[in-house]
2 protein chains.
Amino acid sequence: MAGLREQKKQETKAAIMDAAITLFGERGYENTSIAALARAAGVGKGTIYSYFSSKSDILLAFSEEELACLHLELQQKIPVNALLEEKLLLIFMYEFRYITKNKEFGRTLMREMIFPKALAREKSQEIEEQFIQLFVLIFKEAQEKGQLRQDIELTMTCGHFYALYLMALSAWYSGRLLSEEDVRNALQVMFSQALVGLKPKSEIEKS
Amino acid sequence: MAGLREQKKQETKAAIMDAAITLFGERGYENTSIAALARAAGVGKGTIYSYFSSKSDILLAFSEEELACLHLELQQKIPVNALLEEKLLLIFMYEFRYITKNKEFGRTLMREMIFPKALAREKSQEIEEQFIQLFVLIFKEAQEKGQLRQDIELTMTCGHFYALYLMALSAWYSGRLLSEEDVRNALQVMFSQALVGLKPKSEIEKS
DNA sequence: AATGAAAAATGACTACGGTCAAGTTTTGCT
DNA sequence: AGCAAAACTTGACCGTAGTCATTTTTCATT
């Protein structure tokens, strides 16, 4: 019978993911042991490691699903006629709120996303890729409207804004920014600086 | 006899730090267990935890010392008359080379620096503070020479460039940038974009 | 010098992430 | 159906970070 094996594998993997969604949601990532996860999924501990390469790999898989939802939801909430800066702020604050809903969870996820171990590289890149897709349309549109330079690759522009978001997130985790409002303000300021440039206007004209 | 106790405490702490410098240097952070550290320092395992709050706390203390050296060395290597962009590139590439000399070590350090746990916050901020001091003089000078806007706080400017450095570092850890040269080039491009701005010139003039 | 209280050191212990040799199930083949 | 190879599962086991009740050392007081 072709596919019995494959089907069972899918089921097992789904059971693990379901257990992860439940337990991570209930008690958070750090407080969920692999043993508990295995118990909840109805499999042995070792089985988990034939579907995921490490505990953080499960976190990444979990987040990939959750974030896909989030981004879909987000795509519909972006007002078409808003300014570029407003759109960016909306996206990043949405992301910020999700990531920091559970502080420990968010920290572990970001650590794995930004400084991934060799084993987790692939998944972290997929998530990032997904996130970047959100921006491509927005940036293309902005370029067409003449609100963004056309001589810069979109991935560069993306990277630039994402870097600033990271900085703000880090500042929040370090306690230099305390509230959501602080983060929003910091982002707003940094974004407009990035757009206009850090050089004085007189200097820019020279080049 | 006043201070015997205090003196011994200093000695014990120094012994732990020395052991850390030796063992982390020899086998790296991940391959050094607390038990081994305790053995090398000639103390019990528990003792280490009355001087440091966690393993990563030791890493941070270790790095604080090492980086202080590095930054002192660096301060003398910065050519006075170089362009702002060249100076920045020099500093960040120096830092990059140090951090990535041992990949695992650097990853753990950066994870702890950028997304610190509550316990390690203080030390990670001190290291960052130390790093920022490197820039203050350079930026002040640049402002005086009219190469940087004066209506932006220096800490903001710092944060902006540091964010871009982080992005490059992350890209290296994710495998999107492969060599030191790639990182240098990426930084160079992003820095000049940050200085000139991401908006087209025509748009900037309007504001 | 003797003593008891306070500070510091200790290592057996716990809980966890991850491994792997042994056991179980599925599959293709005769 | 019977069988052997391949794929999959399992939990006892390992090494490690971090804890804590107990023991040892220091210090002030008499």
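Residues numbered from 1 in each chain as written. Chains lettered and ligands numbered in written order. Predicted model: local features only at pLDDT ≥ 70, side-chain atom pairs only at ≥ 80, totals over all residues. Heavy atoms only, no water.

Colleague: Help me get a handle on the interface of chain A and chain B, residues and values and all.
Modeller: Listed per partner, the contact involves 50 residues of chain A and 50 residues of chain B. Note on chain A versus chain B: buried area summed over both sides is about 5,000 Å², and carbon and sulfur give 60% of it. Looking at the side of chain A facing chain B, the largest losses of area belong to A:R111, A:F115 and A:L198, adding up to 18% of the total buried there. Counting the contacts that link chain A with chain B gives four salt bridges. Between A:R176 and B:E128 there is a salt bridge; the shortest N-O distance is 2.8 Å. Here chain A and chain B share 24 residue pairs in polar contact (both at pLDDT 80 or more) between them. Looking at the side of chain A that touches chain B, the elements that each hand over two or more residues are α6 (103-114), α7 (121-144), α8 (154-173), α9 (180-196) and α10 (201-206) of chain A. The class makeup of the residues in the side of chain A that touches chain B is 25 nonpolar, 12 polar and 13 charged. (Contact = heavy atoms within 4.5 Å. Buried area = accessible area lost by both parts, 1.4 Å probe. Salt bridge = Lys/Arg side-chain N within 4 Å of Asp/Glu carboxyl O. Polar contact = N/O pair within 3.5 Å; in protein donor to acceptor, adjacent residues only side chain to side chain. Helix = DSSP H or I, 4+ residues; strand = E, 2+ residues; numbered from the N terminus. Nonpolar A, V, L, I, M, F, W, Y, C, P; charged D, E, K, R; others polar.)

Colleague: An account of the UniProt feature "DNA-binding region" (unreviewed entry) in chain A is requested, with residue identities and associated values reported.
Modeller: In the numbering used here, UniProt assigns the feature "DNA-binding region" (unreviewed entry) to residues 33-52 of chain A. Helix makes up 60% of residues 33-52 of chain A and strand 0%, whereas the separation of the span's terminal C-alpha atoms amounts to 14 Å. (UniProt positions renumbered as here; feature names shortened; annotations may be inferred.)

Colleague: Before we move on, could you go through the nonpolar core and cite the residues and values that matter?
Modeller: By size, the foremost hydrophobic cluster in this structure holds 146 residues, and its most contacted members are A:F92, A:L187, B:F92 and B:L187. Once residues within four sequence positions are removed from consideration, A:F92 is found in contact with A:F131, A:F135, A:F161, A:Y162, A:Y165, A:L187 and A:F191. (Core = buried A, V, L, I, M, F, W, Y, C linked by side-chain atoms within 4.5 Å. Buried < 20%, exposed > 50% of the residue type's maximum accessible area, 1.4 Å probe, protein only.)

Colleague: An account of the relation of the copies chain A and chain B is needed here, citing residue identities and associated values.
Modeller: Between the two copies, chain A and chain B, the superposition gives an RMSD of 0.1 Å; the rotation angle is 180 degrees and the shift along the axis is 0.0 Å. Both copies of the chain, as the preceding transformation shows, are related through a two-fold rotation axis. Within chain A, the C-alpha atom positioned nearest to the axis of rotation is that of A:G197, 1.7 Å from it. The fraction of interface residues of chain A whose copies in chain B are also interface residues reaches 100%, indicating that both copies meet through the same surface. (Least-squares fit on C-alpha atoms with pLDDT ≥ 70 in both.)

Colleague: Explain the protein's contact with DNA strand D residue by residue, including any values.
Modeller: Taken together, 22 residues lie near DNA strand D, and A:G44, B:R5, B:K8, B:K45 and B:K55 sit nearest. For DNA strand D, the backbone makes up 66% of the atoms found within 4 Å of the protein, where backbone means sugar plus phosphate. Between DNA strand D and the protein, one listed contact pairs a phosphate oxygen with a backbone N or O atom of A:G44 at 2.7 Å. Looking at the surface near DNA strand D residue by residue, the class counts come to six nonpolar, nine polar and seven charged. (Near = heavy atom within 4 Å.)

Colleague: So what about the packing of helix α7 (residues 121-144) of chain B against helix α8 (residues 154-173) of chain B? Which residues, and what values?
Modeller: Residue and element names in this part refer to chain B. At their nearest, the axes of α7 and α8 sit 9 Å apart, and the two run at 110 degrees to each other. Between α7 and α8, the interaxial angle falls into the category roughly perpendicular. Crossing angle aside, the handedness with which α7 passes α8 is right-handed. Between α7 and α8, the contacting residues are E128, F131, I132, F135, V136, F139, K140 and Q143 on the first element and L154, T157, C158, F161 and Y162 on the second. (Axes fitted to C-alpha atoms, helices over the stretch in contact; angles between N-to-C directions. Parallel < 35°, antiparallel > 145°, perpendicular 65-115°, else oblique. Left-handed = near helix turned anticlockwise from the far one by under 90°.)

Colleague: Explain the protein's contact with DNA strand C residue by residue, including any values.
Modeller: Every one of the 21 residues lining DNA strand C counts as a neighbour, but A:K8, A:I34, A:K45, A:K55 and B:G44 are closest to it. One nitrogen or oxygen atom from the side chain of B:K9 is found 3.0 Å from a phosphate oxygen belonging to DNA strand C. At 2.5 Å from a phosphate oxygen of DNA strand C is found a main-chain nitrogen or oxygen belonging to B:G44. Looking at the surface near DNA strand C, the elements with two or more residues in it are α1 (4-27) and α3 (45-48) of chain A together with α1 (4-27) and α3 (45-48) of chain B.

Colleague: Which residues make up the UniProt feature "domain: HTH tetR-type" (unreviewed entry) in chain A, and what values do they have?
Modeller: Under the present numbering, the feature "domain: HTH tetR-type" (unreviewed entry) in UniProt falls on residues 10-70 of chain A. What you have in residues 10-70 of chain A is 75% helix and 0% strand, and the ends, taken at the C-alpha atoms, are 24 Å apart.

Colleague: Please set out the packing of aromatic side chains residue by residue, giving values where relevant.
Modeller: Any aromatic ring pair is given by two values, namely how distant the centres are and how the planes are angled relative to each other. Residues and elements named next belong to chain A. Across all of its chains, the model carries 36 aromatic pairs over all chains by this definition. For the pair F24 and F62, a centre-to-centre distance of 5.5 Å together with 85 degrees between the ring planes defines the contact as edge-to-face. With a gap of 38 residues between them, F24 in helix α1 and F62 in helix α4 (residues 55-77) connect regions that are remote in the sequence. Judged by its relative accessible area of 3%, F24 falls in the buried class. By relative accessible area, which is 5% here, F62 ends up buried. Residues F92 and Y162 carry aromatic rings whose centres are separated by 6.5 Å and whose planes lie at 35 degrees to one another, so their mutual orientation is tilted. Here the residue F92 occupies a position in helix α5 (residues 84-99), and Y162 occupies one in helix α8, the gap between them amounting to 70 residues. Each residue in the set F92, F131, F135, F139, F161, Y162, Y165 and F191 is aromatic and connected to the rest through ring pairs, giving one cluster. (Phe/Tyr/Trp six-rings, centres within 6.5 Å; stacked < 30°, edge-to-face > 60°.)

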